[in-house]
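Summary of structural features
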Amino acid sequence: VIWEELQEKVFLHPTADNWRKVAAEFETLWNYPHCIGAVDGKHVDIDAPPNSGSTFYNYKGRHSINLMAISDANYCFLMLNIGAEGRRSDGGVFRNSDIGIHFNNNKMDLPKPTEVGISGPKLPYVLVADEAFALTPYMMRPFPRTKNLNFRKKVFNYRLSRARRVVESAFGLLVSRWRIYRKPISASLSTAVKIVQATTALHNFMIQNELLAPASERIYSRNNIEDSIALSQGSAFTDIDVRNTNACSRYAAEVRNSYADYFMNSGAVEWQ
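Residues numbered from 1 in each chain as written. Predicted model: local features only at pLDDT ≥ 70, side-chain atom pairs only at ≥ 80, totals over all residues. Heavy atoms only, no water.

Looking at an unreviewed UniProt entry, one finds the protein chain named Nuclease HARBI1, with Temnothorax curvispinosus as its source organism. Of the protein chain, the UniProt comment under Sequence similarities (unreviewed entry) reads exactly: "Belongs to the HARBI1 family." (UniProt positions renumbered as here; feature names shortened; annotations may be inferred.)

Here is the structure:
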């Protein structure tokens, strides 16, 4: 009932105007232009479903379902995919989800590429992600971390990581506020999915309402983000394993290089 009542109110409706609003907040708060969300996935540990074999058995030696999420700049979840089997990887879950399919098929009504900054390069609107995801024209991931990584690429990786950490913080808040995630969920598979649906919807509802109040009156999102992230590492939330997702198109590589050049020039910030 909570999910059915709130889902249309607290999650993103994918329109060009709404994506622009998300991107404007990312640029203001996290200095990453044309960012329409930070994406990541977590294992939500559950009791092994009856007769499931190894279907939900993940690389950590636990049974789990996947929670794939795109977060905005304020730690709200824009879109979710809940319930994929724990044995699957981040990139695979995203690619085969309704969200990933719609992005791949250009059905998310993304704004057209425009110039960033003053006379900056014309760049598309993109998600930011870690190495578990493939580099595509709509998703930026870090340059491979090697000993020979030059300063330009290190700056890009830092700027991307700074924006991407909001989804880690969103997961951290979820775990720190909803204690059911402190240990494996002991319920049927369908009930476990409903629990995740309800808690994520309430998470968004409370943050969105608190954003209307002065910072001193906010309670739900007041706790230290670093502490929340640390808490999530010792909970029933675990990272999804990274698979080899290095394949990318030439255009996607050009987009990443354009962002890297922009961050080194007109888009530079003094503390990078």
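What follows deals with the confidence of the model for the protein chain. Chain-level pLDDT for the protein chain is 89 on average; 91% of the residues reach the 70-or-more range. Here helix H7 (residues 225-233) stands out as the element of the protein chain with the lowest mean pLDDT, 56, in contrast to strand E6 (residues 126-128), whose mean of 98 is the highest. (pLDDT = per-residue confidence, 0-100. Helix = DSSP H or I, 4+ residues; strand = E, 2+ residues; numbered from the N terminus.)

On to the packing of aromatic side chains. Applying the stated rule across the entire model yields 13 aromatic pairs. Seen from their ring centres, Phe-77 and Phe-171 are 5.7 Å apart, and the 40 degrees between their planes marks the pair as tilted. You can see Phe-77 sitting in strand E3 (residues 77-85) and its partner Phe-171 sitting in helix H5 (residues 151-177), a full 94 residues away along the chain. When sorted by exposure, Phe-77 lands in the same class as Phe-171, which is buried. A centroid spacing of 5.2 Å and a plane angle of 25 degrees characterise the contact between Phe-103 and Tyr-138, whose relative ring orientation is stacked. Here Tyr-138 lies in the loop between E6 and strand E7 (139-140) and Phe-103 lies in helix H4 (residues 98-104), a separation of 35 residues in the sequence. Accessibility assignment for this pair places Phe-103 and Tyr-138 in one class, buried. Connected via pairs of aromatic rings, a cluster forms that spans Tyr-32, Phe-143, Phe-156, Tyr-259, Tyr-262 and Phe-263. Residue placement shows Arg-177 over the ring face of Tyr-220; its charged tip is 5.9 Å from the ring centre. The positively charged end of Arg-256 is found above the aromatic ring belonging to Phe-143, 4.3 Å away from the centroid. (Phe/Tyr/Trp six-rings, centres within 6.5 Å; stacked < 30°, edge-to-face > 60°. Buried < 20%, exposed > 50% of the residue type's maximum accessible area, 1.4 Å probe, protein only. Lys NZ or Arg CZ within 6 Å of the ring centre and 35° of its normal.)

Turning our attention to the pattern of salt bridges. Per the counting criterion, the structure on display carries eight salt bridges. Here Glu-168 makes a salt bridge to Lys-42, at a shortest N to O gap of 3.3 Å. Taken as a pair, Glu-168 in helix H5 and Lys-42 in strand E1 (residues 35-45) lie far apart in primary sequence, 126 residues in all. As far as the burial class goes, Glu-168 and Lys-42 line up, both buried. Linking Glu-131 and Arg-145 is a salt bridge whose minimum nitrogen-to-oxygen distance equals 1.6 Å. Placement of Glu-131 in the loop between E6 and E7 and of Arg-145 in the loop between E7 and H5 is noted, with a sequence separation of 14 residues between them. On the basis of relative accessible area, Glu-131 is assigned to the partly exposed category, the value being 25%. By relative accessible area, which is 51% here, Arg-145 ends up exposed. Taken together, the shared-partner salt bridges connect Asp-40, Lys-42, Arg-164 and Glu-168 into one network. (Salt bridge = Lys/Arg side-chain N within 4 Å of Asp/Glu carboxyl O.)

Take the side chain of Ser-64 next. Looking at the secondary structure, you find Ser-64 in strand E2 (residues 64-71). With a relative accessible area of 0%, Ser-64 lands in the buried category. Here His-43 takes part through its side chain, which lies 2.8 Å from a polar atom of the side chain of Ser-64. Apart from residues no more than four positions distant in its own chain, Ser-64 is found in contact with His-43, Val-44, Asp-45, Ile-46, Phe-56, Asn-58, Ala-84, Glu-85 and Gly-86. (Polar contact = N/O pair within 3.5 Å; in protein donor to acceptor, adjacent residues only side chain to side chain. Contact = heavy atoms within 4.5 Å.)

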